[in-house]
Amino acid sequence: IMSNYLVTELIGNGTYITIDRADCGGLMSDTMAIEFTKLIQGASMNSKYIVVRSSGSDFCLGRDSAGRESGRPSDALDAKRRSEVIFNFYGALRHSKIPIISLTQGRALGFGCAMASVCDITISEESASFALPETGHNIMPTMAMSSLIDRVGRKGILYLTYSNEEIDATTALAFGLVSKVVPDGKLDHHLNLLCKALDKTPMPAILGVKEYTANAMSMTIEQATQFAQNMHATINTSKGMMGN
């Protein structure tokens, strides 16, 4: 199914969403972000996981200005309303019931960097690069920063934000923005290995792991431990885990 440059396929247990805009480096318009949000929200109905990737040599060079409301916002509330489409998109990625895997190649800049970061697992080619260039364009970058806040440490966020530098995949791995760095041309190989592991994992465990990580990170140690104990008892005795 193709809609607004997004190609969606159901392959095995996964929903695969491809940004098909190789001619412009995978730029994301607001219309695409709205459609993408709906696809993510609906994927858990028939899939165990979501794979996000982009055609062409770059993952995503940022947002496409085409289709945005013209003119300056009339006031702060109007500016806030206009930004909701992107915050809703980041929220859909963060709160998806099933894990989201992104494959990154080439450059992931601005919105593209944020999207790669907020996905649950990010597999990157060695030659990929990541950057938040907003301040260099006189843009307050808290929109993109909000997607990194529970993924990347303070020093990494501040360096990305203030330097505008394109960091390499190894640095992104050290910052926590990336999960795994693989040789160029090997994204599909490592994706297949991960998907085979997920395919074998019972659905209650898929959902339980995502629910636990989505909530426990903001708890105290005592709360996270108690939550883990309760989830362990609940999920491991469910029919889906016991094969009944």
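Residues numbered from 1 in each chain as written. Predicted model: local features only at pLDDT ≥ 70, side-chain atom pairs only at ≥ 80, totals over all residues. Heavy atoms only, no water.

Novice: What exactly am I supposed to notice about the sheet that holds strand 6 (residues 107-109) here?
Specialist: Two modes of strand pairing occur in sheets, parallel and antiparallel, and in both the strands are linked by backbone hydrogen bonds. Read from one edge of the open sheet, three strands run 6-8-9, paired in mixed fashion. On the outer flanks of this sheet lie strand 6 and strand 9 (167-168), each paired with one strand and no other. Summarising the sheet, strand 6 and strand 8 (residues 129-131) pair through three bridges and their orientation is parallel. Bridge pairing links arginine 107 to serine 129 in strand 8. (Pairing = 2+ DSSP bridges. Helix = DSSP H or I, 4+ residues; strand = E, 2+ residues; numbered from the N terminus.)

Novice: Before we go on, may I ask you to explain the pattern of salt bridges in this structure?
Specialist: When the charged atoms of two side chains lie near each other, side chains of opposite charge can form a pair. Summed over all chains, the structure comprises ten salt bridges. Among the ionic pairs, arginine 82 bridges to aspartate 78, the shortest N-O distance being 3.5 Å. Of this pair, arginine 82 and aspartate 78 are both found in helix 2 (residues 76-95), four residues apart, which corresponds to roughly one turn of the helix. Taking the relative accessible area as the measure of exposure, aspartate 78 reaches 12% and is therefore buried. Salt bridges here are not isolated pairs; linked through shared partners, they connect Arg94, Asp120, Asp150, Arg151 and Lys210. (Salt bridge = Lys/Arg side-chain N within 4 Å of Asp/Glu carboxyl O. Buried < 20%, exposed > 50% of the residue type's maximum accessible area, 1.4 Å probe, protein only.)

Novice: What should I look at first to understand the pairing of strand 4 (residues 49-54) in this one?
Specialist: Side chains on a regular strand alternate between the two faces of the sheet. Counting buried positions along strand 4 gives five out of six residues, so the element sits mostly inside the fold. When strand 3 (residues 14-19) meets strand 4, the two strands line up parallel, connected through six bridges. Across the sheet, the residue bridging to isoleucine 19 is serine 54, located in strand 4. Considered for its hand, the β-α-β crossover made up of strand 3, helix 1 (residues 30-43) and strand 4 is right-handed. Summarising the sheet, strand 4 and strand 5 (residues 100-104) pair through three bridges and their orientation is parallel. Residue pairing for strand 5: valine 51 is matched across the bridge by isoleucine 101. (Right-handed = clockwise from strand over helix to strand, strands pointing away.)

Novice: Explain the layout of surface pockets to me, please; I cannot follow it from the model alone.
Specialist: Unoccupied space between atoms shows up once a probe the size of one water molecule is rolled over them. As a volume, the largest pocket reaches approximately 920 Å³. Together, 31 residues line the largest pocket, and Arg63, Arg68, Glu134, Ile139 and Met143 are the ones closest to its centre. Taken together, the residues of the lining of the largest pocket break down into 15 nonpolar, seven polar and nine charged. Estimated volume of the second largest pocket: approximately 560 Å³. Going through the elements one at a time, helix 2, strand 7 (121-125), helix 7 (187-200) and helix 8 (203-216) are the ones with two or more residues in the lining of the second largest pocket. Here the element with the most residues in the lining of the second largest pocket is helix 8; it accounts for seven residues. When its residues are assigned to classes, the lining of the second largest pocket shows twelve nonpolar, nine polar and five charged. (1 Å grid on protein atoms, 1.4 Å probe; cavity = no way out; pocket = protein on both sides within 12 Å on 5 of 7 lines; lining within 4 Å. Points joined across faces, edges and corners; volume = space filled by probe spheres on them. Nonpolar A, V, L, I, M, F, W, Y, C, P; charged D, E, K, R; others polar.)

Novice: Just checking my understanding: could you explain helix 3 (residues 111-118) for this structure?
Specialist: Along an α-helix, residues three or four positions apart point the same way, because every turn accommodates 3.6 residues. The buried fraction of helix 3 is high, at eight of eight residues. Residues Phe111, Gly112, Cys113, Ala114, Met115, Ala116, Ser117 and Val118 constitute the buried set of helix 3.

Novice: What is the right way to read unusual backbone geometry from this model?
Specialist: Glycine aside, a negative phi is what most residues show, and trans is what most peptide bonds show. Backbone geometry places asparagine 138, a non-glycine residue, at a positive phi of 60°. Position of asparagine 138 relative to the elements: it lies in the loop between strand 8 and helix 4 (142-148). A residue is classified by how much of its surface remains accessible, and asparagine 138, at 76% relative accessible area, is exposed. One non-glycine residue, asparagine 164, lies in the positive phi region at around 60°. Tracing the backbone shows asparagine 164 in the loop between helix 5 (154-163) and strand 9. Owing to a relative accessible area of 26%, asparagine 164 belongs among the partly exposed residues under this scheme.

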